[in-house]
Each structure stands twice: as C-alpha cells, then as structure tokens.
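# Breakdown of the fold
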Amino acid sequence: MKSRFRVPFLVVAALAAIGPVVGLASSAVASTLTQTPYQTGRVNAGTPNSTNVTRDSAGNVVSYGNSAITYTAPSSALTALGQSLFLENCASCHGTQANGVPANGTSGAFPNLVGLGPATIDFWIESGRMPAADPRAVQANRRVARLNHQQALAVAAWVNSLSPSYPDIPSPNLASANVSDGAALFALNCAACHTIEGDGDALAAGTYAPSLRNIPAFQVVEAIRTGPGNMPRFTGNLSDFQVADIVKYVTTEIQHPQNPGGAGLGGLGPVAEGFVGLLLGVGLLALVGFWVGERQ
Amino acid sequence: MSQTLNTKRAQRNSAGPYGKIGQSLNELDDRLGIAKGGRTFLDKIFPDHWSFMLGEIALYSFVVLLVTGVFLTLYYVPSQDLTTYTGSYLPLYGQKVTEAFASTVNLSFAVRAGLLMRQMHHWSCDIFVGAIVVHMGRVFFTGAFRKPRETNWVIGTTLLILAIVNGFLGYSLPDDLVSGTGIRIAYSIILSIPVVGSYVAFFLFGGNFPGTSIIPRFFILHVLIIPLVILALVGAHMGLLVRQKHTQFPGKGKTENNVVGTPMYPVFMAKTTGFMFVVAGAIALLGAFAQINPIWQFGPYTASRISYAVQPDWYMGFLDGALRIFPAWSFHSFGHTIPLEVTIPAVIFPGILFNLIMAWPAIERKFTKDNAMHNLLDRPSERPKRTAAGVAVAVLCAMLFIASSTDVIANFFHVSLNTVLWAMRILCVVVPILAYPITYKIAREMQGFAGAGKRKTTNIVTRTLEGEYVATPAPVYVDDLTHEHEPDAVPVPTYVVVGESSQDDETISGVRRVPR
C-alpha cells in the first residue's frame, strides 16, 4: 500500500536529481574530452567505451584505447589454430569447451575460461604459467613460455570467440607517461604486496606476489587490468594513463634502478643490512681486536 | 731567576730532561695540578686480552656516529611540512613530500659526500649496537659484572636501551615509507599500554597519528637529549672502569689483587688509537661500498601507503619478531579493547627482558650467596648455570630476530608463510628450553676435560728402520708447561686473600703488574 504512493514520488525525485548530475557529468566529460580526446573513462577502463574504437566490416571491435594504451583484439584468422593448440595444451584440465570441465571431470575443479577476455588468456600463457607445470600447485610459477607470442594470441582468439569479452591485448605507449606519478601510484596500489622495491614477497598459505624485475611492459598492463591469481583487478580506480605511468615506473626505475650507494645487498632491506653489519662489521672488527690483543 | 740564559745549551739544560714540552707541562702542573692525575692516567694498566677490545668497537663507532651525525644535521630539515620535491631523482620529481624526506633525499644526492656520510652514520649505528651486545656478552659470560662492578653493568644495560631507542628514532627521521610504517607500529605499541596508553600516545605525537609534530620531536630527542644522556653515561661507564680498574682472566701471575697488562702510555695508547682508525675505516668502507636504507626507492610516507616486506633495523628485530609471531589474543570488556597481542610481546616482554638483565647481578648473588669482590674473570665453562641461562636468553632473542623476517624466509626458500610462522612460534619456545640443558652439559663436560680451550700440540710421526710408524707428542708450549692443572669444578670463592703475593715474578716484556 505504502509503496504505491512512494514510487511516483521517488521517480520524480530521481529525475530531479539526475538532471543536474547529467548536466554536470556531460560538461565534465566534454571538458576531459577536449583535454585528452581518447581518455578511457575510469569506469570499465580497458573496455571499448571510448570513442577511439576501430571495427571491422562485420562490426567486431578490432582495437580501442588511447594514446597511453591501445588494446588490440587477436586476429580472428588465428581462431582455428587456437582451437587445435587449446586441445593440445589446455583441454586436459580446462575441458574441450574451455569451461573448466575436463572429460570425466567434475565442474568447478578448474577455472572456466569463457568470457575472461583475450588479455587474461594471453597473460597466463605468455608468462609461462600455463600450461601449468603442476596443476595442483597453490600458485603457478612464472617460467619460460611454452607457447610463443603468435600461439598465445591464437589460443586467446579461439577462447574469445566462444564468448567475446574484454580487455583485449594491450600495448602501452610509455613515451608521455610520467614516472613520478607512476612511483606514487605504485606505492599506493602495488607496494602492499609486491614491496616498494618490486621484489615481491610471500603472502599467506603458500601464495606469493611475484618479483617485477623482469616483466615486459604489456604483461604488467595485462596483470593490472585482469588481476591474475590473488591480485585484485584494477579497472575502476586506474585510468589507462595512470596504468601507463605505473608501467613506466616498473619498467624503468624498478627494473633498472638508478641506485647509488654501493652494493644493494639483494634488496632484502634491514635483514641483509643487519647480517652485514653484525658479521662483516662487528665480526671483522672483533677479528682485528683479536689480532691486536693477547690471545692467552 | 737572575741567571741569564744566553747559550742554547744553557736554555736546553734549564728546560729539564723532557725539553720544552716537559717545561710547559711543568708550568701547567704548577697552575692546574695535572701531574698526579696525568701520571695515574698514563700509567693505567690495561689487560691485553683481545675480548677487552669489543667495548672499544662500540666506543669508536659512537665517535663516528657523533661526527657523521653533526654533518647530517647541517642539511636535514626536521619538519613535516609538505613541499614539492624538485631534486635530481626523477621518480620523485613533483611529488608532495615532507621537508624531512626531501631534505634527506637532497642530502643523499645533492650534497657532496652526503650519501657517504648518511650511510656511514647508519652502518656505524648498526655496528654500535652490535658491539654493545657482543661486549655485554663478554662481560656476562665471564662474570665481569660481579661485585664491585654491578653499577657499571646497570649503566651498560641502560646504554644498550638508549642506543636501541636512539637508533629507532634516527631510523624514523627520513620520514620514508618504510620508517613511517615503523612509527605507525610504535604508535600502536604505545596505545596498547594499559590505562595510560592513549594519553601517552596523544602526548607524544601531539594528537592522533600521524600528526605533524612527531618528526621534530623525534629529531630533538635523537640529536640532543638522548646523545647527551649517552655521552654522560659513557663518561660514567669509563670513569667507573678507571676507578675500579679492569678485570682480568686468571693466568700466570694474575691475582685478585693486581692488574697485569700494558700501561696506557705508550703501548695501549698506540693500540687503541690504531683501533679507532680501523673502526672508522671499516665503517667508511661499508658506507662507500654497501648500500643501506635507500630511502629514495621507498618514497615518502603517507598514512594511506604501505609496503610489504618491511623490517626494522636489526636491533629492533627481536621486538618486531615477537609482535609477528604472537597469537592474536585480544578481547573486549568494559567498553575497552585489551590488545594482549600487542601488549604482551611489545610492552611486557621487553620490560621483563631488560629488567632481568639489569637485575642479573643481584639475582645471581641471591643464588650463589657470593658477596666477595671479584677481579679475576670466570671461564664460561666454570659457571655452567650462568652460561646456560645467558645462552638461553640470547638464543630466544636470536629466534625472535629471525622471526622478524618470516616473509623474507618464506619467499626466499619458497615455503608457505604460515608454515614459517608456526615453525618460528614453536622454535621460539623450544630452542631456548633446549639450549639451557645442552649448554649446561657442554660446560660441565669442558670442566672435566683437561686442556679444553688450550692450544693443541702436534704429534711428530717418525718411521723406524723396520718400517714402523711411531707417533710421539711434541713437547707442549712453554706457557702450557708451567700452567697450573685444570681444576675439576671451581668452587665459588667466599673470600679473597688480601696481600697475597704473586708466585713468580718473571715479566713478559711490555707487561706491567701493579697492585690494585
């Protein structure tokens, strides 16, 4: 009874509220568009919601993005190759339909890959984590990739053809990225697991945040946008420009730090410093004392 | 006075046997009376044993700390006001950072020798506290803290606590991401103190964390108040040492009533001055070639940021480890949270530990009923219970220190963090309990083993004409021949024979023996 009276009231109120909001938002969008024409909005970042979308004759999205990151869909010509590669390398666990149900297996034992988007598939294959060395391991380790770049794209193309999704394969353009903003964003978003020096560290129950010292730029974007394993998926809070800033910081300052002050002691921080201070410092000085003093 | 000194020879003769220097010293003595004290000082006898040099490592690294610290204060800005970093380090360019952080980065990159000085300061701090701990171990395990030196033991323990506290304060001053996390932990520890915790924390930080006054307050504590107290206590420590004279290891010609060793001038002065330069040189080498605390990589601290794999400097490690592995016991009652998970490992545990250390001379006297004056040191094996207790506490601290890097261990050895955590929880209880009987047993065994700790002699293997091999022990070292036989178990002496003269008066060159 009550709700019948309330609904029209709520609708009116909502319309009244939406009016100015839409006005503000449209002006805001207009202003951002004038500044950076192809800025991907923060909501659903990494998906083709910007104006810079290229489509093929069939209307499928080929690429999208902006001056910071361009996302390209894997070529549909690779789909057939992708299916055979998938059956060869992946189907024993993920099933012939990539739905995570292997033959004679129970559903839910392995991840369902349908609808994850090409970047996810590409990241796991190109970082060497898939095909898995040990499918029962708590966390797949990074190693030399079994499939090459073209083959990874082919598998991604086939899996994506089952249920097209995003993000596509990113290629960051770091020329105008700001390394200082990247450092600040890294400290805020990444350091809590990967450590501020990017060495990675152990997390709970056998999982760990991997080292970032040797990750190619496009894989850093893939990881940020898709959230592999325990990592959160950063879409809403990081724009493509911010992601490019982080990638620039990771690929320059973390992978090639300008690092004066002598031997870095493995980047292990005060643990290594303590050992050096006690063993090399106090220990060697005690030996000198042993040399200077009487031993009887 | 009326005599005219008109020849050089006459002038030289009138100056006395020590020349111009002697003459001016005489003049000084006439006015200030320095001869008596000076002679005592220059004639002070230092026993030569190498383990007496350990405390000097601490003393000289403290000197390096003072010198490098003064340099750092010239460039460091103790302020938490925000500024825009515009220095040469690109990844920070344009970021809003505190003056403290910006000035520390600038002093590392823009000031000539600034980074070297900062790294030397930090390394000498690590070595300072380390040398204090090693020196303390020497004093403890040889029983040098016994009557009449209990006061100096307490002063020394206070110095250790002050060194740790001041090390933590200095570590916090750059206001970087890692040290800021340390201040956050310290704030929480203070909060966990029962009843007064929140008041003390608000008083110390001038409000809630982080506030803007903690860096200036830490600064004044770090560069003025605590160093002054440390300096005063170092003076008292050394003054008592001179007043009470050194202890010495038992040995040929060494009794409770004399001191055998080299005099301050010239032998010991040369040794110790050389040693000072070795300590300073070693610290300079470390500062030049081994990176420590690269704060530019850490970035500035803001309360919203955190880095994983953050450990404190090594001397705070045992506290951090205790915090890490302690079970999450906290409960709510009467409208308050009782955070036992913080209070027990970070407030009660260090309280008990340092009180136990301070009170140890009294505790030991209670058990041994030994009220005599002791100037001769024990071998650690002669006092198995004390040695075992000391080893147990040291091993506990070492285990907690290792526990402060659970994540590094787990990552390095590819073990689950949870496994490492539980392993450390068990080890921290089991290892000290096992260490006591094992150490006790080893010490007892060493008492019964003649020649334990002595130099081994060689066996000379000869072949006879028939082809038989014969091993004959070579003659023992001359020192060992005259050495008294090894006692089975040394009874605790209840009195000291006063006026006992030393048996043999042969002197080793350079060594002087004086009555106490």
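Residues numbered from 1 in each chain as written. Chains lettered and ligands numbered in written order. Predicted model: local features only at pLDDT ≥ 70, side-chain atom pairs only at ≥ 80, totals over all residues. Heavy atoms only, no water.

## A short note on the overall build of chain B
In terms of helices and strands, chain B carries 18 helices and nine strands. In chain B, buried positions account for 45% of the 516 residues. Of all intrachain contacts in chain B linking residues separated by at least 6 positions in sequence, the fraction that spans at least 24 positions is 75%. As displayed, chain B has an accessible area near 27100 Å², and 67% of this comes from carbon and sulfur atoms. (Helix = DSSP H or I, 4+ residues; strand = E, 2+ residues; numbered from the N terminus. Buried < 20%, exposed > 50% of the residue type's maximum accessible area, 1.4 Å probe, protein only. Contact = heavy atoms within 4.5 Å. Areas by Shrake-Rupley, 256 points an atom, 1.4 Å probe, with all protein chains shown as cover.)

## Considering the sheet that holds strand 3 (residues 69–72) of chain A
Residues and elements named next belong to chain A. Across the sheet, four strands lie side by side as 1-2-3-4; this open sheet has antiparallel pairing. A single partner strand is all that each edge strand has here, and the edge strands are strand 1 (54–55) and strand 4 (169–172). Where strand 2 (residues 61–65) and strand 3 come together, three bridges link them in antiparallel fashion. In the sheet register, G65 faces strand 3, and the bridge partner there is T70. (Pairing = 2+ DSSP bridges.)

## Regarding the packing of helix 14 (residues 340–368) of chain B against helix 15 (residues 384–403) of chain B
All names here are of chain B. Viewed as axis vectors pointing N to C, helix 14 and helix 15 meet at an angle of 165 degrees, and their least axial separation amounts to 13 Å. Classified by the interaxial angle, the pair formed by helix 14 and helix 15 is roughly antiparallel. Between helix 14 and helix 15 the crossing geometry is left-handed. For the pair helix 14 and helix 15, contact is made by F349, L353, W360 and E364 and by R386, A389, V393, L396, C397 and L400, respectively. When the residues that make up the contact of helix 14 with helix 15 are grouped by side-chain class, the tally is eight nonpolar, no polar and two charged. (Axes fitted to C-alpha atoms, helices over the stretch in contact; angles between N-to-C directions. Parallel < 35°, antiparallel > 145°, perpendicular 65-115°, else oblique. Left-handed = near helix turned anticlockwise from the far one by under 90°. Nonpolar A, V, L, I, M, F, W, Y, C, P; charged D, E, K, R; others polar.)

## Describing the nonpolar core
Counting 130 residues, the largest nonpolar core has F186(A), I246(A), F128(B), V129(B) and W153(B) as the members making the most contacts within it. Here this core gathers at least three residues from each of two domains, domain 2 (47–324) and domain 3 (379–458) of chain B. Not counting chain neighbours up to four residues away, the residues in contact with W153(B) comprise M136(B), V139(B), F140(B), F145(B), I357(B), M358(B), W360(B) and P361(B). (Core = buried A, V, L, I, M, F, W, Y, C linked by side-chain atoms within 4.5 Å. Domains from an automatic or database assignment.)

## A short note on helix 6 (residues 179–189) of chain A
Residue and element names in this part refer to chain A. For helix 6, the tally of buried residues reaches eight of 11 residues, placing the bulk of the element in the interior. Along its buried surface, helix 6 packs onto helix 7 (191–194) and helix 9 (240–254). The backbone nitrogen of S180 has a side-chain oxygen 2.8 Å away, supplied by the residue at the start of helix 6, namely N178. (Polar contact = N/O pair within 3.5 Å; in protein donor to acceptor, adjacent residues only side chain to side chain.)

## A few points about the environment of D168(A)
All names here are of chain A. Tracing the backbone through its elements, the reader meets D168 in the loop between helix 5 (149–162) and strand 4. Taking the C-alpha atoms as reference, D168 lies 13 Å from D240; in sequence the two are 72 residues apart. Once you skip the residues sitting within four places of it in the chain, D168 turns out to touch V61, Y64, Y71, T72, A73, P74, P118 and A119.

## A word on the pairing of strand 3 of chain A
Residue and element names in this part refer to chain A. Residues of strand 3 alternate between two faces, with I69 and Y71 buried on one and T70 and T72 left unburied on the opposite face. Connecting strand 2 to the antiparallel partner strand 3 that follows it, the hairpin turn spans three residues. Where strand 3 and strand 4 come together, four bridges link them in antiparallel fashion. Counted as the bridge partner of Y71 is P170 from strand 4.

## Details of a nonpolar patch on the surface
Residue and element names in this part refer to chain B. A grouping of V63, L66, V67, I220, V223, L224, I225, L228, V229 and L231 is seen on the molecular surface, where their side chains present a nonpolar patch of about 760 Å² in accessible area. At seven residues, the largest contribution of residues to the nonpolar patch is made by helix 10 (residues 214–244). Its location among the elements puts L66 in helix 4 (residues 54–73). Judged by its relative accessible area of 33%, L66 is partly exposed. (Patch = residues over 30% accessible without salt bridge, like charges linked within 9 Å, V, L, I, M, F, W, Y side chains within 5 Å. Salt bridge = Lys/Arg side-chain N within 4 Å of Asp/Glu carboxyl O.)

## Focus on the confidence of the model for chain A
Residues and elements named next belong to chain A. Summing up the model confidence of chain A, the mean pLDDT is 80 and the portion of residues at 70 or higher is 81%. Segment residues 1–5 is flagged for pLDDT under 50; beyond a separation of four residues in sequence, or across chains, it makes zero contacts in the model. For the stretch residues 19–42, pLDDT sits under 50, and the model shows 24 contacts to residues farther than four places along the chain or on other chains. (pLDDT = per-residue confidence, 0-100.)

## Things to note about the side chain of R149(B)
Residues and elements named next belong to chain B. Among the structural elements, R149 can be located in the loop between helix 6 (114–141) and helix 7 (150–172). For R149, which is buried and forms no salt bridge, the nearest opposite charge comes from E256, at a distance of 7.1 Å. Polar contacts involving the side chain of R149 include one to the main-chain carbonyl oxygen of H374, which spans 2.9 Å. A distance of 3.1 Å separates polar atoms of two side chains, one belonging to R149 and the other to N375. Discounting residues that sit within four places of it in the chain, R149 has contacts with A144, Q244, K245, H246, T247, H374, N375 and R516. (Lys, Arg positive; Asp, Glu negative; His and termini not counted.)

## Here we look at the confidence of the model for chain B
All names here are of chain B. For chain B, the mean per-residue pLDDT works out to 87, and 90% of the residues sit at or above 70. Here residues 492–507 is a poorly scored stretch, pLDDT under 50, and it has 25 contacts once near neighbours within four places are set aside; other chains count. Across the whole predicted complex the pTM is 0.82, and at the interface the ipTM reaches 0.78.

## Structural notes on the interface of chain A and chain B
If you look at the interface, chain A gives 51 residues, while chain B gives 61 residues. Buried area between chain A and chain B, summed over both chains or domains, comes out near 4600 Å², and the portion from carbon and sulfur atoms is 64%. Where chain A packs against chain B, one counts zero salt bridges. Where chain A meets chain B, there are 19 residue pairs in polar contact (both at pLDDT 80 or more). Mapped onto the side of chain A that touches chain B, the elements with two or more residues apiece are helix 6, helix 7, strand 5 (201–202), helix 9 and helix 10 (270–292) of chain A. Considering every element that reaches the side of chain A that touches chain B, the biggest residue donor is helix 10 of chain A, with 15 residues. Residues of the side of chain A that touches chain B, tallied by class, amount to 29 nonpolar, 15 polar and seven charged. (Buried area = accessible area lost by both parts, 1.4 Å probe.)

## Thoughts on the pattern of salt bridges
All chains considered together, the criterion is met by 12 salt bridges over all chains. As a salt-bridge pair, D134(A) and R136(A) come within 3.8 Å of each other at their nearest N and O atoms. Exposure remark for D134(A): the relative accessible area of 38% places this residue in the partly exposed category. Overall, R136(A) belongs to the exposed group, its relative accessible area being 75%. Of the charged contacts in the structure, one is a salt bridge between D199(A) and R213(A), with a shortest N-O distance of 2.8 Å. Of this pair, D199(A) sits in the loop between helix 7 and strand 5 while R213(A) sits in the loop between strand 6 (208–209) and helix 8 (217–226), placing them 14 residues apart in sequence. Judged by relative accessible area, which is 29%, R213(A) ranks as partly exposed. Salt bridges sharing partners connect three or more residues here, namely R146(B), E364(B), D378(B), R383(B) and R386(B).

## Considering the packing of aromatic side chains
Residues and elements named next belong to chain B. Scanning all chains against the criterion turns up 28 aromatic pairs over all chains. Relative to F109, the ring of Y89 lies with its centre 5.5 Å away and its plane at 25 degrees, an arrangement referred to as stacked. In this pair, Y89 sits in the loop between strand 2 (82–84) and strand 3 (96–98) while F109 sits in helix 5 (residues 99–109), placing the two residues 20 residues apart along the sequence. A relative accessible area of 2% places Y89 in the buried class. On the basis of an interplanar angle of 75 degrees and a centroid distance of 4.7 Å, the ring pair of Y187 and F205 is categorised as edge-to-face. (Phe/Tyr/Trp six-rings, centres within 6.5 Å; stacked < 30°, edge-to-face > 60°.)

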